[in-house]
Every structure is written in C-alpha cells, then in structure tokens.
Amino acid sequence: MYGLKPAPFKTGSKLTRCKEPEMYMPTHRRANGNTESVDNYLKAILYLGGREESRVTIKALAERLSVAPASVTNMLQKLAASPAPLVAYERHHGVVLSQAGKRRALEVVRHHRLIETFLYEVLDYPIEEVHEEAERLEHFISERFEERIAAKLGHPKIDPHGHSIPTIEGEMAARESMLLADVVREGTFVIDSVSDRDAQNLRLIEACGITPGARVRVRKSSARGCDGYSVRVGRSARVFDLSREVARDVRIIRLAK
Ligand SMILES: [Zn+2]
C-alpha cells in the first residue's frame, strides 16, 4: 500500500546516509508571507516568456493571472526591488525572470508536476482533477516530501499531461511539438501533451483516448460548416471530431513519412 506517511527511519537504511535536505525558504517567503502569489507570478512569467525567455508584458501577465494590470505593476515593482530580485522589471519594457526567479519558478513547476503524477498514478485521481489539487499543494511541500514523491514514482520525466518535469537541478527538457489546431496536412502524429488548464476539455480529450504517447491520424474535418479536426486514435475504427478550441489544448509531434 502506498501512503503519505513517511516510512520509519531505520538505521542502516539509505535514508540515514543522506543529509536531511534543506527546506527551501527563500527570503521573499518570510518577507511578505505571500508565497503563493509570488510563485504564481514567477510561473506565469516562465510560461509566457517561452523557450526564448522573452520579455513578458504587464497585459499578458494580468490576463494569465486574472488580476488588474495595476496589481501586476505593483507586485513586479516589489519583486524587482528586493535585495535578491526575482525579476528584472522596467516600466514599458515588461519583465523577465532573474536567475534566482527562474530557479524558483522551475522549482514550483517541478513540485506541481510531481504532485500531479503522484495523484494520478498512486492516488488514482481522475486526470482532470490533478491540476487544481496540484495548484494548491505545490507551494507548500518541503524538499524532503518532493524527493520522496520522486523516488516513489521512479523519478519520472513527464507528468500525466505529457509535460516535462524539471530536474532537481532546474533543467527542463524542451520538445519540438505543434498544436493539433495547427495541422494543415493530414498525417500521423504522436500525442506530446495535453493542456491542464481546462478540466472539461481534458475530460473530453481523455475520453477519446488522446493521451501522451498515443498515435493519432489527424485531418481537418470535412463536415460542412465545421471548423474542427477528425482524429483517429491508434488502430481504432472510431473517428472523433474535435472542435478548434479543444484542438488547441493538444500538442502533437508529426511522425516521419
Ligand atoms: Zn497542472
């Protein structure tokens, strides 16, 4: 049986040999007691900046976090002014993460994705529920808890949505993938990942058998007046029609030939 209770600490077990991991307690946590919100800003900047780590606008951040632009400006000024700044922010030029900010953001993403994997694989949560739960828990787990989850799961590289789990050193693998909604030419693809943002879409996608690693045949829907995609999963004879909106929540990789 899997349980959340830590195993008893036996002498001679591998646990006694390693140093107790330090609790991650950056200064901003103590300073404003507002970890959750700081973490969410850092995650949003990481996400919106993308692989190029480009500057993120206040408007884009405000939209992503569903807060007023004035609150965003306020928070960024605070984060940029701290002694060890988590972001570099210039008025009218948007914001980028500092090295420390990027490190922290990847740490939170690692927590989030490990928790999702744990909930899905060990606690049998439905796929569409793991994200919400991880959003709450990601800010509070200790480094020790994180390491135990990773070990229990065999140090997974991807979460149940197909997203890369950053390593403990803060490296995150990037893969070349495209949106299913960007398919122009009919072809065979493998599912890379599915978005965790919309639980309803996710339930629908899962019900079609569209899960990371699945092979799919995709073409633009031929039904009249339908702006969607026909998807056949594996060798199944069934064809599913996905709307453009749902197709935007699925990332795929084209298979050669
Ligand atoms: Zn998630």
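Below or above, wherever it landed, is the structure these notes cover. This structure is a prediction, so every number in the text was calculated from the model and none was measured.

Conventions adopted
Residues numbered from 1 in each chain as written. Predicted model: local features only at pLDDT ≥ 70, side-chain atom pairs only at ≥ 80, totals over all residues. Core = buried A, V, L, I, M, F, W, Y, C linked by C-beta atoms within 7 Å. Buried ≥ 20, exposed ≤ 12 C-beta atoms within 10 Å, placed from the backbone. Helix = DSSP H or I, 4+ residues; strand = E, 2+ residues; numbered from the N terminus. Domains from an automatic or database assignment. Contact = placed C-beta atoms within 7 Å. Pairing = 2+ DSSP bridges.

This part covers the nonpolar core. Grouped together as the largest cluster of nonpolar side chains are 26 residues, with contacts concentrated most on Ile-205, Ile-210, Val-216, Val-231 and Val-250. When residues of this core are assigned to their parent elements, the largest contribution, four residues, is made by helix α6 (residues 99-121). Taken domain by domain, the makeup of this core includes at least three residues from each of domain 1 (1-174) and domain 2 (178-254). Apart from the residues lying within four places of it in its own chain, the contact partners of Val-216 are Phe-189, Ile-191, Ile-210, Val-231, Arg-232, Val-233 and Ile-252. With 21 residues, the next largest nonpolar core counts Leu-42, Leu-86, Leu-97 and Ala-105 among its residues.

A few words on the pairing of strand β5 (residues 215-220). Relative to β5, strand β4 (residues 187-194) runs antiparallel, the two sharing four bridges. What sits directly across from Thr-188, in β5, is Arg-217. Sheet topology note: the β5/strand β6 (residues 228-233) ladder contains five bridges and is antiparallel. Across the sheet, the residue bridging to Val-216 is Val-233, located in β6.

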